[in-house]
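# Breakdown of the fold
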8 protein chains.
Amino acid sequence: MSPHQPLERIAQLDLERRQRTGVPEAVFAEGKTGEQVWKLLKELASANGVALATRVDPQQAGEAERQLGREFVVRHDVLSRTVTVWKKNHEVPPTGGEIAVLAAGTADIPVAEEARITAELMGCRVRRYYDVGIAGIHRLVEPLKEISASTVSALVVVAGMEGALPTVVRGLVGMVVIGVPTSTGYGYGGRGEAALMTMLQSCAPGLTVVNIDNGFGAGATAALIANTVAASRPVSSSTQHATAHAASA
Amino acid sequence: MSPHQPLERIAQLDLERRQRTGVPEAVFAEGKTGEQVWKLLKELASANGVALATRVDPQQAGEAERQLGREFVVRHDVLSRTVTVWKKNHEVPPTGGEIAVLAAGTADIPVAEEARITAELMGCRVRRYYDVGIAGIHRLVEPLKEISASTVSALVVVAGMEGALPTVVRGLVGMVVIGVPTSTGYGYGGRGEAALMTMLQSCAPGLTVVNIDNGFGAGATAALIANTVAASRPVSSSTQHATAHAASA
Amino acid sequence: MSPHQPLERIAQLDLERRQRTGVPEAVFAEGKTGEQVWKLLKELASANGVALATRVDPQQAGEAERQLGREFVVRHDVLSRTVTVWKKNHEVPPTGGEIAVLAAGTADIPVAEEARITAELMGCRVRRYYDVGIAGIHRLVEPLKEISASTVSALVVVAGMEGALPTVVRGLVGMVVIGVPTSTGYGYGGRGEAALMTMLQSCAPGLTVVNIDNGFGAGATAALIANTVAASRPVSSSTQHATAHAASA
Amino acid sequence: MSPHQPLERIAQLDLERRQRTGVPEAVFAEGKTGEQVWKLLKELASANGVALATRVDPQQAGEAERQLGREFVVRHDVLSRTVTVWKKNHEVPPTGGEIAVLAAGTADIPVAEEARITAELMGCRVRRYYDVGIAGIHRLVEPLKEISASTVSALVVVAGMEGALPTVVRGLVGMVVIGVPTSTGYGYGGRGEAALMTMLQSCAPGLTVVNIDNGFGAGATAALIANTVAASRPVSSSTQHATAHAASA
Amino acid sequence: MSPHQPLERIAQLDLERRQRTGVPEAVFAEGKTGEQVWKLLKELASANGVALATRVDPQQAGEAERQLGREFVVRHDVLSRTVTVWKKNHEVPPTGGEIAVLAAGTADIPVAEEARITAELMGCRVRRYYDVGIAGIHRLVEPLKEISASTVSALVVVAGMEGALPTVVRGLVGMVVIGVPTSTGYGYGGRGEAALMTMLQSCAPGLTVVNIDNGFGAGATAALIANTVAASRPVSSSTQHATAHAASA
Amino acid sequence: MSPHQPLERIAQLDLERRQRTGVPEAVFAEGKTGEQVWKLLKELASANGVALATRVDPQQAGEAERQLGREFVVRHDVLSRTVTVWKKNHEVPPTGGEIAVLAAGTADIPVAEEARITAELMGCRVRRYYDVGIAGIHRLVEPLKEISASTVSALVVVAGMEGALPTVVRGLVGMVVIGVPTSTGYGYGGRGEAALMTMLQSCAPGLTVVNIDNGFGAGATAALIANTVAASRPVSSSTQHATAHAASA
Amino acid sequence: MSPHQPLERIAQLDLERRQRTGVPEAVFAEGKTGEQVWKLLKELASANGVALATRVDPQQAGEAERQLGREFVVRHDVLSRTVTVWKKNHEVPPTGGEIAVLAAGTADIPVAEEARITAELMGCRVRRYYDVGIAGIHRLVEPLKEISASTVSALVVVAGMEGALPTVVRGLVGMVVIGVPTSTGYGYGGRGEAALMTMLQSCAPGLTVVNIDNGFGAGATAALIANTVAASRPVSSSTQHATAHAASA
Amino acid sequence: MSPHQPLERIAQLDLERRQRTGVPEAVFAEGKTGEQVWKLLKELASANGVALATRVDPQQAGEAERQLGREFVVRHDVLSRTVTVWKKNHEVPPTGGEIAVLAAGTADIPVAEEARITAELMGCRVRRYYDVGIAGIHRLVEPLKEISASTVSALVVVAGMEGALPTVVRGLVGMVVIGVPTSTGYGYGGRGEAALMTMLQSCAPGLTVVNIDNGFGAGATAALIANTVAASRPVSSSTQHATAHAASA
């Protein structure tokens, strides 16, 4: 007989974090087995109604059916490598918050989508503008006009390679910009290093940064800001817009 | 006769940036002569009513009297290494926004103060809690209670060495945290590198980061958020609190 | 005929190291063939009664049966990637020493288990507390109470990502903490770099560090301390607790 | 009138840390003004009887007389760059713990002395062996014989340049070794980087590491171990040896 | 008597390099004594008619009078830290080549000026546009219109901090851009590292890069291109523009 | 129904870039699906007559037939990992520009070929000299003679390992050299880091650099220079040389 | 018809290098196809009698039979990853030079063997001492006695992890030591970085270093020294020892 | 009374190292006080007849007279920053060994001179060729002819910036080359990093490397080789050449 407590009993999960911090706990799937990922998702969704896993590879995602019962709805988004699990009939209530997500290149879209999905799970509306990188800066004009005319109160700007888009955008709008460097690029400064440096060196105040490829963190931060802004509005007239819930999957 | 246009004519200053981006342009004094710094401050203050310079060393600051006329009021804050210049009788109107600034150690206070001064110049109220580092985590309890009971809508958390304070704080509160690594520390990971890495690696969503020692950027971002939140409130009942203007210097 | 001495004769193994240093030599399997690993294990177990290999992949482990005779007992722990080999009927005598191993996240458990197994092979009792990371710091309270009430004389604290757990723990207990950064994390500071830096920059004296993922080194150090403490006790009344020997496998 | 709480009231000092963690808080003087250093020393010494500051430069040290009253005794050790302050008649009680400090080269002695002074302030006896680097490995023989015959229960081994001494020593003794890389060396791997890497890569289990030049941390850790060992001895017969107190200055 | 050849005889200077490579040899003053700098300048100017030294500090520059005879004309440009020496009555013949130099911030101007002076010494006409950084991208419009309407055939674009200006410019013009990162910036990616990475990662083909602060190399390359273009024009009608010669100093 | 605009509508492609910048947009295939690569190639070739993709792996290339209709001609160059797509009967008009491409070692040839193909698509003639590294510097003599006697107006010099070839070549010729470091090499400075550093540190003015393995950027820059030079020639008598068009595939 | 010279004609091989430099050219197989490797080997062996390829993987090696005719003898050494090709009946004449190769751990043996094979191909005799790392320094005694009593005139010392063996050895012998760091190790300083730094920082003059895993370079250098020493001996009485030729394979 | 052994008694100096290793111990002055340097020099010179200190700054050197008695002769070489101390009438016996020292640029000469002085103190003859960098490779021809015609048996080649000279030289001569990178250069790869990488990546076997600016190590290694070669010559007919002794100062 083993003298040790079983490993299962030792691990403790933080189910009340959402109430305390405004962001639900998510499962970072990288380095976990599919079994571990689905078990954690099930526990979190049972407690919170909805749960998110990021960096899920196809093999991990493929183990779903065996792991979840009929009381859950699952959506596996291949592009963003996320899995969302809802308790049946659970809906994320719209908060009235609104953000925008911009991506510089095609390779930045998966990270941008991770940010969008995260924000939607927090009840935010999300506008998307992709392939608007600085090598052709005239492509930014229309999107920024639309954003300025909207109720968007925070921007997520995703860029790899030289990573200059967040700086350029921040110089042209009035909202906070959350920059997300992506691990594109090659050679010196590749894998996101140049993009991260660029954003941290940026001379544009009002720009903050999350780690390379951290779409989840950026989406959560932007949604947190937008939700706080929306919560302080007298009557939130914009809560009718579509929200992310299981039925629309 | 020189065939070139005079250098003075070539340089152009961005005076309308505040309207466009919500943050006034500041002068980064490092690497400039005192004369350049004061000239830029004068131009900015003439146009905007108030102007800020960061990273000002005593020698640069000492050249003030010769450079500015009687229509300006100057405050040189030695601790934060900032200089603020107001046009006489100009006041920064309170926005009703409120933030809090936390600092882990004594060496982090100058950067924290740079953030505070920046936010106050943007019309924000600022609460300060210094010397609350994680080596004695029980010291955090009182400050976080006060913050949770206030109208604070964004936190600036400043930490050097191992830089873990922003993560710990973000796990305990409901607002966005702007982490500022400082260039304290020594040996491997010194000069702020460990602190920056820690904040970017943080497992706490809702935490974003600015570059090492960038108190100005953090204060501007937090104030921008708080001002947006305050602007969306129906009747801002908290605008009576003290604000930073020349008369209170 | 080759003019050179055979390679086998050239290599020399350090069988008496345990007597001299208090820690048995272990086989670092990475970069070795399965055959090399098992041959070394056999030699060491023959001489010392027990032998440990770390970083063993499934393919290396699968070659066991062919390599070892009936006079040995083998345990392959998949989670910690270790293989332990005992001479039949050999038992590790309990020393009365006791340590605790804490792990911040799920991904840190394999390294924590490597530390546990190492310490148990040195005759130590090991308490385990996993999934107690700083993002939810309230989870630490119970474990630290238990530890303080026990005979634990050294702690191994394993953490990846931002790596702040050892600092927090060290600020709350009276024993030496051996911090082990793990190669989790991504982007800037990933692969354990941020965690290592954080631990080395820590402002908590009484915290020392081993290299990234080096659970073996941390377990050996903690056990060495605990064994030294136990050896100096007048009558060791706690030697009845369970120990790691072949029969319990 | 300023709307802010005075900075003095905000800063909080951790006076009870010693009881909780076994190591007294020390003042890291680098980046602080002499005034700040002496003020902190005075507070700590008033509360604990004795206080230590590290990395004190001559200018900071020179401000002592003005800052401290007659009820304190001061010792400024130029070589180790430390300042120790005792309340008059306060003595550090000997614990019976004993450690040894080894240094590879002349340039490593200041860091070694910082470790020694720290350990002595924690009541430990300290043996010193300096200039025993690996380029002439025969010089190690005598010291290691002496250590093995003593009650030393932990070693601090300080080395810069290639930093191999702790590994060599750990391979020859039975106690835990705390390696301290120093910021000597030049070119590639200079400033302590090579020494730190070497120690972390070491193949000798039972060796742990603190950051570059962190003599304070190493001394505190070794003394903590030695004190724990001594505390578990039935009758500590070795408590008569000399201790560090103001009268011996 | 020394058995060695005198050091003076050993050193050999490459006076014919201009004919072979199209760029005159310049003296990199950093790390040389003022005496060495002036001696090398004198030899080069004697042979080539004109000579340039870069990175000259005031002390080195101050030793001029003693070192040079009356047959030379000297211009010390404090801003760009260059010294130019002409043989009396020597003029640099205009080549008809034309380049433009753009600088993002005030701190980038010294490097931009080093590029301008170098190009002028190679007979090029130089247009300058300073303080046109990307934080206020609308400031670029006028300069780029002027450049497109001119005979400029290569651009030098100087930027520190995040270093994105060369990419933006290259996306808007039809000429080769030589990017020069400058050692401005602080924290992560400071000292020009972020700017260099950004330029190398740039997604804009037709942008090449020189090392941090290497205004000389950028100016030489741009002038070499412009001179080659000008040399292939049937009748160079633009050679009347002003050139850099001693008389205009 | 999803509230979001379809991803396809969001992405915008920059078809007019060639007119504005002199270089056609290319598709960087790394990290894209084969389907994405071919769709982009089709759009670009439809608009511009010809399109290039770089870093194409065999699997991506293999999806061609399904993706393109009969109105296109495709050439997949395995060595350089490029795919070129022409509209049927489209020819790249020769510009009269001429460049040379030199490669130090066998491993550098793929990058050199990427540069060649890029330049040919811009209408340039390209001379190639491979395996002329500096370990046997006498091999450079013949090639450089040929180049000096030609109309070549820019050089691409490709080198990995220690990367010294561009410096040596630049010291011996009169044209601009574009250095391309390649990701060959191993150990310290491997993966192109040493080669990049060497080229940036080079003491040979007139040498500029692109990122590691960026043959496309180097070829585009050299061709842009050569085309500008050719365009300024009164009567381009050398436009009869062979050009890259679909018929020659 | 292509306007370019065929690639085969462009590449030039340096067959006379041996006469000029004392070391035959070798083929670095990494990143080359098997076909390229064997073609180069054939050319070199045809010209020089013998040829060596390093870093050959099994797949490359497996293509031998198809590539070489009957007039060659091949030896593929799996451990050292080398392939040697001799023209039939070609023998490497013994030079009388003698070196020794020491390796610290099992993982260092492949690199050590690459050094041995290289030196033997240059006509040197090689003594081998493996598994003599510094964690058990007493194992060095016998080997160093043997070496001191021999005609060995240069040592190759191979070590990974912390890389301290060359320093220790150099402090105990009278010959030049060529240190070879190997890419063993993990975490901070892994992949050979710590070992390389340690050797470069070494305080033992008479120790020089080659790049990580460069057994070929170390063996060539040591053999070059030993051959020079042997060539200056009046009558080389030790040339009867075994040499590496095809017949002994 | 202090309970500690005096520091003086603890430090031990390695006076017999020369006999064991062929190189006299030298004093690395950086980070030592002038008093420490002179005391060590005196001890070493008393024991060995001659002693060398490197990296001596003028202030340290200026303390000579007070420190040494009349029985010593001192030579302070400002350029190489060395101090040599001889016992009166002590001469270094010529060994008949001969080396050559080459330096690429003016800034490399101090390091080259440190190598020369070291080798001469070991009884070697030294030829010097300075300012022969690769930007003008034709300058190498004459020196290499002379060297090939001499009895030189090892080369020290010193280079900063891009550091390619040792590779080029090694490709053209038959002796071992010891490459010494120097800490010249700026920006990316500055402070010797690029030069060190280049030398380690070099494709020229027979080239080994010492750390940045380590002229002492390179000179010692080259002299050790040359002395070994000379010792094996039947009758050393070249021992009449000048040697470094006090009388020639």
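Residues numbered from 1 in each chain as written. Chains lettered and ligands numbered in written order. Predicted model: local features only at pLDDT ≥ 70, side-chain atom pairs only at ≥ 80, totals over all residues. Heavy atoms only, no water.

### Structural notes on the overall build of chain A
A count of helical and extended segments in chain A gives 10 helices and 9 strands. When the 249 residues of chain A are sorted by exposure, 65% land in the buried category. On chain A, roughly 8600 Å² of surface is accessible, and the fraction owed to carbon and sulfur atoms is 52%. (Helix = DSSP H or I, 4+ residues; strand = E, 2+ residues; numbered from the N terminus. Buried < 20%, exposed > 50% of the residue type's maximum accessible area, 1.4 Å probe, protein only. Areas by Shrake-Rupley, 256 points an atom, 1.4 Å probe, with all protein chains shown as cover.)

### Looking at helix H6 (residues 109-121) of chain B
Since there are 3.6 residues in each turn of an α-helix, residues three or four apart along the chain are aligned in direction. All names here are of chain B. Helix length check: H6, at 13 residues, gives a terminal C-alpha distance of 18 Å against a target of 18 Å (1.5 Å per residue), a fit within 8%. Three or more residues of H6 are buried, namely Ile 109, Val 111, Ala 112, Glu 113, Glu 114, Ala 115, Arg 116, Ile 117, Thr 118, Ala 119, Glu 120 and Leu 121. Among the residues trailing H6, Gly 123 stands out with phi positive, at a value near 90 degrees. (Expected span 1.5 Å × (residues − 1).)

### Some points on the interface of chain G and chain H
Facing 35 residues of chain G, the contacting portion of chain H comprises 35 residues. Overall, the association of chain G and chain H removes approximately 2700 Å² of surface from exposure, summing both partners, and the carbon and sulfur fraction of that is 63%. Contact with chain H buries surface across chain G, with G:Leu200, G:Pro205 and G:Thr208 losing the most and accounting together for 20% of the total. At the junction of chain G with chain H, the criterion picks out 0 salt bridges. On the surface where chain G and chain H come into contact, there are 8 residue pairs in polar contact (both at pLDDT 80 or more). Of all the elements in the fold, those that place two or more residues in the side of chain G that touches chain H are helix H2 (17-21), strand E8 (176-181), helix H9 (193-201), strand E9 (207-209) and helix H10 (215-231) of chain G. Of the residues forming the side of chain G that touches chain H, the biggest block, 8 residues, is contributed by H10(G). Taken together, the residues of the side of chain G that touches chain H break down into 19 nonpolar, 12 polar and 4 charged. (Contact = heavy atoms within 4.5 Å. Buried area = accessible area lost by both parts, 1.4 Å probe. Salt bridge = Lys/Arg side-chain N within 4 Å of Asp/Glu carboxyl O. Polar contact = N/O pair within 3.5 Å; in protein donor to acceptor, adjacent residues only side chain to side chain. Nonpolar A, V, L, I, M, F, W, Y, C, P; charged D, E, K, R; others polar.)

### Regarding the confidence of the model for chain A
All names here are of chain A. Mean pLDDT over chain A stands at 84; residues scoring 70 or higher make up 84%. pLDDT under 50 marks residues 1-15. Its contacts with residues more than four places away, or in other chains, come to 33 contacts. Under a pLDDT of 50 for its full length, residues 236-249 has, in the predicted model, 27 contacts with residues more than four places off or in other chains. Both scores are available for the predicted complex, with the pTM at 0.88 and the ipTM at 0.87. (pLDDT = per-residue confidence, 0-100.)

### Some thoughts on the relation of the copies chain F and chain H
Mapping chain F onto chain H calls for a screw motion: a turn of 180 degrees about the axis and a shift of 0.0 Å along it, with 0.0 Å RMSD after fitting. Accordingly, the operation relating the two chain copies is best matched by a two-fold axis. Taken as a fraction of all interface residues of chain F, those also at the interface in chain H reach 100%, which identifies the copy contact as same-surface. (Least-squares fit on C-alpha atoms with pLDDT ≥ 70 in both.)

### Describing the packing of aromatic side chains
Summed over the entire model, instances satisfying the criterion amount to 12 aromatic pairs over all chains. Where B:Phe28 meets E:Tyr186, the ring centres are 5.4 Å apart and the plane angle is 20 degrees; that geometry is what we call stacked. With B:Phe28 in strand E1 (residues 26-28) and E:Tyr186 in the loop between strand E8 (176-181) and helix H9 (193-201), this residue pair bridges two chains. (Phe/Tyr/Trp six-rings, centres within 6.5 Å; stacked < 30°, edge-to-face > 60°.)

### Some thoughts on the packing of helix H6 (residues 109-121) of chain C against helix H10 (residues 215-231) of chain C
Residues and elements named next belong to chain C. Running from amino to carboxyl end, H6 crosses H10 at an angle of 40 degrees, the nearest separation of the two axes being 7 Å. The angle between the axes of H6 and H10 places the two elements in the oblique class. As H6 runs across H10, the sense of the crossing is right-handed. Within the contact between the two elements, H6 uses Val 111, Glu 114, Ala 115, Thr 118 and Ala 119 and H10 uses Gly 215, Phe 216, Gly 219, Ala 220 and Ala 223. A class-by-class count of the residues in the contact of H6 with H10 yields 6 nonpolar, 3 polar and 1 charged. (Axes fitted to C-alpha atoms, helices over the stretch in contact; angles between N-to-C directions. Parallel < 35°, antiparallel > 145°, perpendicular 65-115°, else oblique. Left-handed = near helix turned anticlockwise from the far one by under 90°.)

### Notes on the sheet that holds strand E2 (residues 50-54) of chain C
Residue and element names in this part refer to chain C. Strand order in the open sheet formed by 4 strands is E1-E2-E4-E3, with mixed pairing between adjacent strands. Edge strands, defined here as strands with exactly one partner in the open sheet, are strand E1 (26-28) and strand E3 (72-77). Between one strand axis and the next, the sheet turns by 15 degrees as a mean value, whatever way the strands run. Pairing between E1 and E2: 3 bridges, direction parallel. Note that in E2 the partner of Val 27 across the bridge is Ala 53. Sitting on the sheet, helix H3 (residues 34-48) is in contact with E1, E2, E3 and strand E4 (82-87), with an inclination near 150 degrees to E2. (Pairing = 2+ DSSP bridges.)

### Topic: the pairing of strand E2 (residues 50-54) of chain E
Residues and elements named next belong to chain E. When you tally the buried positions in E2, you get 5 out of 5 residues, the bulk of the element. A two-sided burial pattern is seen for E2, the buried positions comprising Val 50, Leu 52 and Thr 54 on one face and Ala 51 and Ala 53 on the other. Where the polypeptide runs from strand E1 (residues 26-28) across helix H3 (residues 34-48) and back to E2, its parallel neighbour, the crossover connection is right-handed. Relative to strand E4 (residues 82-87), E2 is paired through 4 bridges, and the arrangement is antiparallel. Bridge pairing in E4 places Leu 52 opposite Thr 84. (Right-handed = clockwise from strand over helix to strand, strands pointing away.)

### Examining a positive patch on the surface
A surface patch of like charges, here positive, comprises A:Arg191, C:Arg191, F:Arg191 and G:Arg191. Within the fold, A:Arg191 resides in the loop between strand E8 (176-181) and helix H9 (193-201). (Patch = residues over 30% accessible without salt bridge, like charges linked within 9 Å, V, L, I, M, F, W, Y side chains within 5 Å. Lys, Arg positive; Asp, Glu negative; His and termini not counted. Charge placed at Lys NZ, Arg CZ, Asp CG, Glu CD.)

### Remarks on the interface of chain F and chain H
Where the parts come together, the accessible area they lose is often given as the size of the interface. Facing 24 residues of chain F, the contacting portion of chain H comprises 24 residues. Each partner contributes to the roughly 2200 Å² buried at the junction of chain F and chain H, and carbon and sulfur atoms together form 69% of this total. It is F:Tyr188, F:Met197 and F:Gln201 in chain F that bury the most area against chain H; as a group they hold 35% of the surface buried on that side. On the surface where chain F and chain H come into contact, there are 0 salt bridges. Run the count over chain F and chain H and you get 7 residue pairs in polar contact (both at pLDDT 80 or more).

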